[in-house]
Amino acid sequence: MANEKLIADIQSDDKEVRFAAWRAAGDADASAIAELGKLVASSNPAVAKAAREAITTMVHAVGKDTADQRRGAVVKELMGLGGAGNPLAARVLACRLLSDIAPESEAAAIAKWLADADVREEAIYCLERIPGDGVNKVLVGAYRTAPDDFKPRILAALGHRRAGEAVSLCVAAMRSPNANISSAAVSALGRIGKKPAGAFQWPKGADVDAMLRYADHQREQGNGAEAMRIYRTVMGRPEEHLQCAAVIGLARLGTPEAAAAVYPMLKSGNRKVRLTAAKAWKGMAV
């Protein structure tokens, strides 16, 4: 479909014409995205919707195959649409669609949008979904220059990506006097699950679920001593669900040391903890 006809049909007063236009947009040239982007901000809701759908159709058309020769052109046009000076609605749409098809090589350019409060949430969502270790490095760099109120969101993205490159950053951030940053760093390290190079301490009041998640990762990676240290610490907490979680983690370690740690819990005054310990003990076959 020629760009001129596509743009005209998207603005048609006839809803069937608009619908047919966006459904056929997958065959349109990528250069149509710039004009469609302007229509995304149209005061006519029907036209705005048709323009959004047309751009989305174009992205889906090239998103099925990474080798599609049109893909690079579509990414280039979306990068232009996401830049400053375009309507906010178009920039938001560009970020969301780039999250599906942008290559690692565009991460640094997208990270620049994090400085814009209007689109930074969309931009971080986009970066969070782009594969590649290079994106992790870009996010670590972006964290260092981000305002404090956005640092927790970047830490969350690094945690969701299980970015090993961010471990030392998380350890440093856990010491932040800003409670939101410290808490986000704890959660991120728990999700990443990689042991820092040096000794570190969990901050006072750290999220125990994050600590247990980290311990589980350590157990899976064969670092039983590190896992056991945390399980034993958590087992000393008064909450029954945390004691149970620690017992289960120790049972999965399956070592004599773990069994010795579980044994006292067989006589716990809490029935649920006692039953969990009994089941764990039986499973350890000691």
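Residues numbered from 1 in each chain as written. Predicted model: local features only at pLDDT ≥ 70, side-chain atom pairs only at ≥ 80, totals over all residues. Heavy atoms only, no water.

Draft legend 1. Representation of the packing of helix H3 (residues 32–40) against helix H5 (residues 71–82) within the structure. The contact between H3 and H5 brings their axes to 9 Å, and the two run at 35°. The chirality of how H3 crosses H5 is right-handed. Where H3 approaches H5, its residues Ile33, Ala34 and Gly37 are matched on the opposing element by Val74, Glu77, Leu78 and Leu81. Per-class residue counts for the contact of H3 with H5 are 5 nonpolar, 1 polar and 1 charged. (Axes fitted to C-alpha atoms, helices over the stretch in contact; angles between N-to-C directions. Helix = DSSP H or I, 4+ residues; strand = E, 2+ residues; numbered from the N terminus. Left-handed = near helix turned anticlockwise from the far one by under 90°. Contact = heavy atoms within 4.5 Å. Nonpolar A, V, L, I, M, F, W, Y, C, P; charged D, E, K, R; others polar.)

Draft legend 2. Structural context of the environment of Pro256. You can see Pro256 is positioned in helix H16 (residues 256–262). Placed 153 residues apart in sequence, Pro256 and Pro103 show a C-alpha to C-alpha distance of 48 Å.

Draft legend 3. Representation of the pattern of salt bridges. Inspection of every chain in the model, using the stated rule, returns 16 salt bridges. When the shortest N-O distance is used, the salt bridge between Glu121 and Arg153 registers 2.9 Å. Residue Glu121 is located in helix H8 (residues 120–129), and its partner Arg153 is located in helix H10 (residues 151–160); the two are separated by 32 residues in the primary sequence. Each of Glu121, Glu128 and Arg153 takes part in a single network of salt bridges with overlapping partners. (Salt bridge = Lys/Arg side-chain N within 4 Å of Asp/Glu carboxyl O.)

Nothing here speaks to function; it is all geometry.
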